[in-house]
Amino acid sequence: MKLSYDPRYNIAYIQLQAKKKGIEAIKVSDELVVDMAPDGTIYGIELLNANEQLKRDKEGRLLVVNEATGETMDIPFSV
């Protein structure tokens, strides 16, 4: 999985797997587009107006939590 952010356009993209042919971009709302295969496999999620959707905590970090193990990873993050 890969999270990318382009501040020039204020767009974030969560890539779940590499895109293949036949992937369709489905506009779910004005701020959310999902890349999906005909079989329902999701390949990515695009967040428009990302700085509002990816609100960070007060310290300006992204917290990744493994719910199974309880492990956490702090990643400096600014949008």
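First, a word on what this report is: a plain description of the structure on this page. Fair warning: this is a prediction, and the values are worked out from it, not measured in the lab. (Residues numbered from 1 in each chain as written. Predicted model: local features only at pLDDT ≥ 70, side-chain atom pairs only at ≥ 80, totals over all residues. Heavy atoms only, no water.)

Considering unusual backbone geometry
The backbone of Asn10 shows a phi angle near 60 degrees, a positive value even though the residue is not glycine. On the accessibility criterion, Asn10 (16% relative accessible area) is buried. (Buried < 20%, exposed > 50% of the residue type's maximum accessible area, 1.4 Å probe, protein only.)

With respect to the pattern of salt bridges
Oppositely charged side chains are able to pair whenever their charged atoms sit close together. Inspection of the entire model under this criterion finds three salt bridges. Close ionic contact of Asp6 with Arg8 constitutes a salt bridge, the shortest N to O distance being 2.7 Å. For Asp30, the salt bridge goes to Lys27, with nearest N and O atoms at 3.6 Å. Taking relative accessible area as the criterion, Asp30 reaches 64% and is therefore assigned exposed. (Salt bridge = Lys/Arg side-chain N within 4 Å of Asp/Glu carboxyl O.)

Regarding the sheet that holds strand S1 (residues 2-6)
Here we have five strands laid out as an open sheet, ordered S1-S2-S5-S4-S3, and antiparallel in their pairing. The open sheet terminates on both sides in strands that have one partner only, identified here as S1 and strand S3 (24-29). Across this sheet, the average inter-strand angle for adjacent strands is 20 degrees, counted without regard to direction. For S3 and strand S4 (residues 32-36), the ladder comprises five bridges, and the chain directions are antiparallel. Paired with Ile26 across the bridge in S4 is Val34. (Pairing = 2+ DSSP bridges. Helix = DSSP H or I, 4+ residues; strand = E, 2+ residues; numbered from the N terminus. Axes fitted to C-alpha atoms, helices over the stretch in contact; angles between N-to-C directions.)

Considerations on the pairing of strand S2 (residues 11-15)
Residues in a regular strand project their side chains so that they alternate between the two faces of the sheet. Bridging between S1 and S2 involves five bridges; their strand directions are antiparallel. Across the sheet, Asp6 pairs through a bridge with Ile11, a residue of S2. Here S1 hands over to S2 after four residues, with Asn10 in that stretch at a positive phi of 60 degrees. The pairing of S2 with strand S5 (residues 42-48) spans five bridges and is antiparallel. For Gln15, the partnering residue across the bridge sits in S5 and is Gly44.

Focus: the environment of Met36
Here Met36 is to be found in strand S4. In this structure Met36 comes out as partly exposed when scored by relative accessible area, which is 25%. Residues Met36 and Lys19 lie 17 residues apart in sequence; the distance between their C-alpha atoms is 9.1 Å. Among residues more than four places away in sequence, those in contact with Met36 are Gly22, Ile23, Glu24, Ile26, Thr41 and Ile42. (Contact = heavy atoms within 4.5 Å.)

Topic: the side chain of Asp35
Here Asp35 lies in strand S4. Setting aside anything within four residues of it in sequence, one finds Asp35 in contact with Tyr13, Lys19, Ile23, Glu24, Ala25, Thr41, Ile42, Tyr43 and Gly44.

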